[in-house]
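Spelled out from the first residue to the last, the chains are:
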Protein chains: 2
Amino acid sequence: MDRKEFRDLATPAEAQETIASLSLEGGIDRVPLAEARGRVLVSRIDADLDVPGFDRASLDGYALRARDTFGADEAEPARLELVGEVHAGEEPDIDVGEGEAVEISTGAVMPPGADAMVPVERTDRAEPDSTDGASSAERRSTDGHAAEPRDDGTDVLVRTSVAPGDNVMFAGADVAAGERALGPGTRITPRDIGLLSALGIEEVPVRARPRVGIVSTGDELVRPGEDLDADSGEIYDVNSYTIAAGIEDAGGEAVLYPHAGDDTAELERVLREAADECDLVLSSGSTSASAVDVVYRVIEAQGELLLHGVSIKPGKPMLVGRLADSAYVGLPGYPVSAMMIFRTFVAPAIREAAGVPEPDTATVSGSMAVAERYTEGRHRLMPVGLLTDGDGETLVYPVDKGSGATTSLAEADGLVEIDPDTDYLEAGTDVTVSLFSPEVRPPTLFGVGEDDPAFGRLLDRLENPRHLSVGTRPAARRLRDGVPDVAVLAGPTDRDLDAEALGAWTREWGLIVRPGNPDDVEGLADLVDRDLRFVNRTSDSGLRTSLEATLEAFATDRGRDRREVVEAIDGFDLGLRAHESPARRVIAGEADVALGLRETADRLDLGFVRLGDQDVRALANPDRLEKPGVRELREALESNPALLADDAYR
Amino acid sequence: MDRKEFRDLATPAEAQETIASLSLEGGIDRVPLAEARGRVLVSRIDADLDVPGFDRASLDGYALRARDTFGADEAEPARLELVGEVHAGEEPDIDVGEGEAVEISTGAVMPPGADAMVPVERTDRAEPDSTDGASSAERRSTDGHAAEPRDDGTDVLVRTSVAPGDNVMFAGADVAAGERALGPGTRITPRDIGLLSALGIEEVPVRARPRVGIVSTGDELVRPGEDLDADSGEIYDVNSYTIAAGIEDAGGEAVLYPHAGDDTAELERVLREAADECDLVLSSGSTSASAVDVVYRVIEAQGELLLHGVSIKPGKPMLVGRLADSAYVGLPGYPVSAMMIFRTFVAPAIREAAGVPEPDTATVSGSMAVAERYTEGRHRLMPVGLLTDGDGETLVYPVDKGSGATTSLAEADGLVEIDPDTDYLEAGTDVTVSLFSPEVRPPTLFGVGEDDPAFGRLLDRLENPRHLSVGTRPAARRLRDGVPDVAVLAGPTDRDLDAEALGAWTREWGLIVRPGNPDDVEGLADLVDRDLRFVNRTSDSGLRTSLEATLEAFATDRGRDRREVVEAIDGFDLGLRAHESPARRVIAGEADVALGLRETADRLDLGFVRLGDQDVRALANPDRLEKPGVRELREALESNPALLADDAYR
């Protein structure tokens, strides 16, 4: 097979058509009724019995001949002789003759001879009239003023007239044998299970879920739960379980194959095995050069390559073909790219094969919260986050932390497709977002700023918040741009923001040292004067700003230049993004002193040298004050000060 | 316990509050990541490792010192010495010194000494410059015009300058150890599984699904799959599996208990066992007098009755209480009533306990297609069907075949709540429908009329049609009322309808007799003159109309009165609703001759005596001609005449 035959990239529409042309359909499963919910019938189900299977009393009361009640009313009840009783689940052992009645319970079989029933509420019981031996039908006109009715009497006084069939459900009236009950393609919901139950059917033929095998490649991948050797560049395999969950969302059955590493013989073996056992094989990360060679070899031996390369970003190296009797799609290795290509090209084909329609909630409309420029001239899948503004309208913003970042997967709610001719999306442009999962909803609160431990505890009390730990400076900028609901800022900030303060608290900050402070660190002077390895935070963080201010004062005190002082600190320029990271370097023995919070030191059982207290403020976008999530946050801040206290954690 | 303490019926709101006050929450499950989709985290998940765990190359290319590339561009590339290579999943075994580069693949660990990387596209390989032994950094300015670059050379020409950190994802840049990853209450979707995978977490603590036990009572109930004795009044148990599916829809785990019959000791034992094992026990049909006594006894011994009787229709005898540590709700026995009470009162409590929000698709808005009157002065749950009109708007119509009918469950899509003060809903009134399941969708085509076998085959080709077999006469009336899309009418009809004919076909009708026609039936004369037992169809059916017309002609031929002729036929007045039912009576030996179709006789291997051909017509509501389902039907009728042929079935 010649790799060069695919010189031109396919269009996204061609890729969609090619995948649609592959048959992913599994066979037929026979599943018990208890497991049929959500499955799709492959063939029509006809009733093969009548429901009910007998003429059935609809109420508690008396079975009788309708003719015996003609003309009866409250003033002149009909008197019938009680000749027996029949309960639900019993075969009647008595016939109802003229002038006779049988006590009958709801659901019981109508006794022979009876053609109607009267509910107990319209009757009374009475002792037999002693006047004569005439039939009760004849007695009726003469005994209107007889003794008081009695509950346990053996006559029945019927205070209404009924027509034949009244209060009786005839055999087959609900469902008749031979009727079409459910059509092929019916997706089985609880009510359909009700109808199948009524027909006594306890196993139904449904479409087998398409079996979708996942083969991940790359020597560096380790399955979650196993040990990771970061020094050797190992990372956890993100795509396998993520795509597996996407497959299940789409109605397929995911099969994870053992990780093939970069051993090409092993990869070839796994691909062949997966093709044997599945309706569709997905590989991820196998668009790299060496893996592609293996895929080509396997396809050459027992398949057909239909497409290599799609004019789309991300996803350009996508492969589509057939491996033996299985369909094959090669996905990108980066999680966000893999998820977007899966969502756009593969999930619809799985749903089609499973007979599961795309849920209405799988897409939402919104308008761009910010402008977005894109000039590459290729069809683009843009990962986006959702939020709601103060009026409840949905806003959409691009999420891009770099294609290798798994957090952009967690921070994105879906994707927007942008055609090649669009190079600029104005803020306010209406877009349609394909959600990564139909259950995804915009967060109730969208915050940015410090990853403050106290604020983190507060978030735990809220329903579905999103908080991006971008640090103080970027948070102030983003709040000014109007996207987030709330910014959490720490330490001194340059200028005033047009924002509403929801609450403020303080936190103790300083130097985190080894347990027991074996180096006897007392303050900044030790960092400057001694040979200690320090770890700093990035300049985005509030702690860094406070440290800089304190150092400035320290330098002034000593009558020295700030720059001189900073240069004397070993590691001052190494700033870490996350608030606990410096302390963890101390634990790892890679540093002696770290910038951090007392709370962090306490929690990690490290020593702490206090440098000061720092203000932390939660500021809200003034347009979002009435948004329920913002109101909830304000209330939590006002009513739960203990949440913010250092000693309240864990 | 005094049953009389509940003299006043509770309001629906009180019932809702009472059920909400019961705790249905289960404990905590620890589930593997592969099974975590859709579950709800009980506690926050913090990162306990950096992602990535090392400084990671973002692209294929060369790791180097950024400083060595300063000033490099296409015209004057920087020349570096290639000193080694590092692949993904390998620990680097080489340091990068000044003027040196290491070949690196995407995802590999940055070797010590390197602080940036350059993608391979911006480089070339070249033979070492032979001019002198100076470092490559020094050589750069002098060798711009050296030999052509070669792929396998041991020098690297870098045609761009990079800054420290370019094309490198630093350890923890994606997720830093100690960061808050997912909050408690997060409903896990594929993207969250991605983040958990990246953190190497393969088991998560999630809310246990509430265990909901189902206890069904009634001697007449038989589980689907078992044998049914209709003569003893047995029917299949509809509620158990239907409610079980509703429980699973709401995020609970359904536990079916063995059927207790009406044996009170056994019912008591089962109730106690279910209360022991479940968070909520539901019983159905146990609001009947004898079962209620048992429930009272069990509750008296080890629980508390909180509510008996709700002012609602259906559902008035609902019971709510506690059984030992379990919550308890007694549901009505009739399937539609049980489903509506479950949907309205019980499902929200299960969802709350499971942490599963009500899907947006669980309710839809629509307008009443017909007027509805209701004067009982009680809060009402009205089962309704949905359809879409020609403009795609949702119409809502009441479904009520009697509370005992399981088919009304299958024909209803949800329920509308009507408050006690509303006694009349005008056609066009806007209503909100609570769907029986979030997957329920309006049918694509709503037909009424004959249960014609040919039309049934045609329906099998359409996606999600609904057809109610009401017979020809009621279908004509309903089409005039404007509710259905299509009516299927057979035989002569009285008057013209304002409707568009979509298609017509004929079917052969006559008398169905035992195989081989042992009674030598030749036509109507045999029914009139001989002692044969006949089974008719109801007067709603088109076949009945054709039979009446033929009899009329027969009577005229003989010079006799129609009534005389009819009275001479034994069983003429017994009309069965469904088209196959009369033939099945012949099979059962309960009749000698049945009215029916040749197709039915052939399929059931019975004899057939032809009386004529009958026209069948599919007529469409003129307002719905552009509705996709109607268009699809018309196309199917026009293009698939074979579907309608008698010999095309099965």
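Residues numbered from 1 in each chain as written. Chains lettered and ligands numbered in written order. Predicted model: local features only at pLDDT ≥ 70, side-chain atom pairs only at ≥ 80, totals over all residues. Heavy atoms only, no water.

K.L.:
Give a detailed account of the relation of the copies chain A and chain B, specifying residues and quantitative values.
P.N.:
Structural alignment of chain A on chain B gives an RMSD of 0.1 Å, achieved by rotating through 180 degrees and translating 0.0 Å along the axis. Expressed as an axis order, the relation between the two copies is that of a two-fold axis. When C-alpha positions in chain A are compared against the rotation axis, the closest is assigned to Thr361(A), at 3.7 Å. Counting the interface residues of chain A, we find that 100% of their copies in chain B are interface residues as well, pointing to one common contact surface. (Least-squares fit on C-alpha atoms with pLDDT ≥ 70 in both. Contact = heavy atoms within 4.5 Å.)

K.L.:
Go over the confidence of the model for chain A with me, naming the residues and quoting the values.
P.N.:
In low-pLDDT regions, the fine details of the predicted coordinates are not to be read closely. All names here are of chain A. Confidence along chain A averages 88 in pLDDT terms, with 91% of residues attaining 70 or more. Of all secondary-structure elements in chain A, the lowest mean pLDDT belongs to helix H2 (residues 136-139), at 41, while strand E35 (residues 593-597) reaches the highest, 97. Low pLDDT, under 50, characterises residues 131-150; the stretch is placed with 29 contacts to residues that sit more than four places away or in other chains. For this predicted complex, the interface confidence reaches an ipTM of 0.88, while the overall pTM sits at 0.88. (pLDDT = per-residue confidence, 0-100. Helix = DSSP H or I, 4+ residues; strand = E, 2+ residues; numbered from the N terminus.)

K.L.:
Tell me about unusual backbone geometry, residues and numbers included.
P.N.:
All names here are of chain A. Val51 connects to Pro52 through a cis peptide bond whose omega is -10 degrees. Assignment of secondary structure puts Pro52 in the loop between strand E2 (45-46) and strand E3 (56-57). Phi angles above zero are rare outside glycine, and Asn517 is one such case at about 50 degrees. With respect to the helices and strands, Asn517 occurs in the loop between strand E32 (500-513) and helix H11 (524-529). According to the relative accessible area criterion, Asn517 is buried, its value standing at 18%. (Buried < 20%, exposed > 50% of the residue type's maximum accessible area, 1.4 Å probe, protein only.)

K.L.:
Describe the packing of helix H4 (residues 239-249) of chain A against helix H3 (residues 190-198) of chain B, and please don't skip the residues or the numbers.
P.N.:
Contact geometry for H4(A) and H3(B): axes closest at 8 Å, N-to-C directions at 160 degrees. Judged on the interaxial angle alone, H3(B) and H4(A) are roughly antiparallel. For the crossing formed where H4(A) meets H3(B), the hand is right-handed. Taken together, the residues of H3(B) that come into contact with H4(A) (itself represented by Tyr241(A), Thr242(A), Ala245(A), Gly246(A) and Asp249(A)) are Pro190(B), Ile193(B), Gly194(B) and Ser197(B). Counted by class, the contact of H4(A) with H3(B) contains 4 nonpolar, 4 polar and 1 charged residues. (Axes fitted to C-alpha atoms, helices over the stretch in contact; angles between N-to-C directions. Parallel < 35°, antiparallel > 145°, perpendicular 65-115°, else oblique. Left-handed = near helix turned anticlockwise from the far one by under 90°. Nonpolar A, V, L, I, M, F, W, Y, C, P; charged D, E, K, R; others polar.)

K.L.:
An account of the sheet that holds strand E6 (residues 100-104) of chain B is requested, with residue identities and associated values reported.
P.N.:
Residues and elements named next belong to chain B. As summarised here, the arrangement of the 6 strands in space is E7-E4-E6-E5-E9-E8, forming an open sheet in which the pairing is mixed. Each edge of the open sheet carries a strand with a single partner, namely strand E7 (116-119) and strand E8 (123-126). When the angles between neighbouring strand axes are averaged without regard to direction, this sheet yields 40 degrees. (Pairing = 2+ DSSP bridges.)

K.L.:
Explain a negative patch on the surface to me, and be specific about the residues and the numbers.
P.N.:
On the surface, a cluster of negative charge is contributed by Glu85(A), Glu90(A), Glu91(A), Asp93(A), Asp219(B), Asp229(B), Asp231(B) and Asp263(B). Within the fold, Asp219(B) resides in the loop between strand E13 (211-216) and strand E14 (221-222). Given the relative accessible area of 42%, Asp219(B) is considered partly exposed. (Patch = residues over 30% accessible without salt bridge, like charges linked within 9 Å, V, L, I, M, F, W, Y side chains within 5 Å. Areas by Shrake-Rupley, 256 points an atom, 1.4 Å probe, with all protein chains shown as cover. Salt bridge = Lys/Arg side-chain N within 4 Å of Asp/Glu carboxyl O. Lys, Arg positive; Asp, Glu negative; His and termini not counted. Charge placed at Lys NZ, Arg CZ, Asp CG, Glu CD.)

K.L.:
An account of the environment of Val175(A) is needed here, citing residue identities and associated values.
P.N.:
Topologically, Val175(A) is positioned in the loop between strand E10 (168-169) and strand E11 (180-182). On the basis of relative accessible area, Val175(A) is assigned to the buried category, the value being 3%. Distance from Val175(A) to Val51(A), taken between C-alpha atoms, is 4.9 Å for residues 124 residues apart in sequence. Apart from the residues within four sequence positions on either side, Val175(A) is in contact with Ala47(A), Leu49(A), Asp50(A), Val51(A), Leu195(A), Leu199(A), Thr406(B), Thr407(B) and Arg577(B).

K.L.:
Tell me about the nonpolar core, and name the residues and values.
P.N.:
One finds Val204(A), Ile247(B), Leu280(B), Leu282(B), Val346(B) and Ile350(B) to be the most contacted residues of the largest nonpolar core, which totals 81 residues. Tallying contributions element by element places helix H7 (residues 335-354) of chain B first for this core, with 12 residues. The contacts of Leu280(B), once residues within four sequence positions are left out, are Leu24(B), Arg211(B), Val212(B), Gly213(B), Ser326(B), Ala327(B), Tyr328(B), Val329(B), Val346(B) and Ile350(B). Among the nonpolar cores identified, the runner-up in size contains 80 residues, and Leu331(A), Ala353(A), Leu395(A) and Ile201(B) belong to it. (Core = buried A, V, L, I, M, F, W, Y, C linked by side-chain atoms within 4.5 Å.)

K.L.:
Describe the sheet that holds strand E34 (residues 575-576) of chain A, listing the residues and the values that go with them.
P.N.:
Residue and element names in this part refer to chain A. A sheet is described by the order of its strands in space; here 8 strands give the open sequence E30-E29-E31-E36-E32-E35-E33-E34, paired in mixed fashion. Each having just a single partner strand, strand E30 (465-468) and E34 make up the two edges of the open sheet. Where strand E33 (residues 534-537) meets E35, 2 bridges bridge the pair, whose relative direction is parallel. Bridge assignment links Phe534 to a residue of E35, and that residue is Val593. This element, helix H16 (residues 628-639), spans strand E29 (445-449), strand E31 (486-490), E32 and strand E36 (607-620) of the sheet and lies at about 60 degrees to E32.

K.L.:
Describe the pattern of salt bridges, with residues and values.
P.N.:
Two side chains carrying opposite charge are able to pair once their charged atoms lie near each other. On inspection of all chains with the given rule, the structure shows 94 salt bridges over all chains. Linking Arg380(A) and Glu372(A) is a salt bridge whose minimum nitrogen-to-oxygen distance equals 3.1 Å. By the burial criterion, Arg380(A) is buried, and Glu372(A) matches it. The residue Glu590(A) makes a salt bridge to Arg585(A) at a minimum N-O spacing of 3.5 Å. Given the relative accessible area of 23%, Arg585(A) is considered partly exposed. Shared partners join several salt bridges into a network, and the residues in it are Arg44(A), Asp46(A), Arg180(A) and Asp460(B).

K.L.:
I'd like a description of the interface of chain A and chain B, backed by residues and values.
P.N.:
The partner chain B presents 99 residues to the 99 residues of chain A that form the contact. Across the interface of chain A and chain B, roughly 7800 Å² is buried in total on both sides, 54% from carbon and sulfur atoms. At the surface where chain A touches chain B, the tally comes to 10 salt bridges. As a salt-bridge pair, Arg37(B) and Asp249(A) come within 2.5 Å of each other at their nearest N and O atoms. Linking chain A with chain B are 28 residue pairs in polar contact (both at pLDDT 80 or more), by the criterion used here. (Buried area = accessible area lost by both parts, 1.4 Å probe. Polar contact = N/O pair within 3.5 Å; in protein donor to acceptor, adjacent residues only side chain to side chain.)

K.L.:
Any details on the packing of helix H9 (residues 453-461) of chain B against helix H16 (residues 628-639) of chain B? Residues and values, ideally.
P.N.:
Two packed helices can be described by the angle between their axes and the distance between those axes. All names here are of chain B. Remark: H9 packs on H16, axes separated minimally by 10 Å, with the N-to-C direction vectors making an angle of 120 degrees. The angle between H9 and H16 places the two elements in the oblique class. Considering the relative orientation of H9 and H16, their crossing is right-handed. Here H9 contributes Phe455, Leu458 and Arg461 to the contact with H16, which in turn contributes Glu632, Leu633, Ala636 and Leu637. Of the residues assigned to the contact of H9 with H16, the class counts are 5 nonpolar, no polar and 2 charged.

K.L.:
Could you give an account of helix H10 (residues 472-481) of chain A, with specific residues and numbers?
P.N.:
All names here are of chain A. Taken together, the buried positions of H10 are Thr472, Pro474, Ala475, Ala476 and Leu479. Of the surrounding secondary structure, the elements contacted by the buried residues of H10 are E29, E31, helix H12 (542-558) and E36. Residue Gly482 follows H10 closely and has a positive phi angle near 85 degrees.

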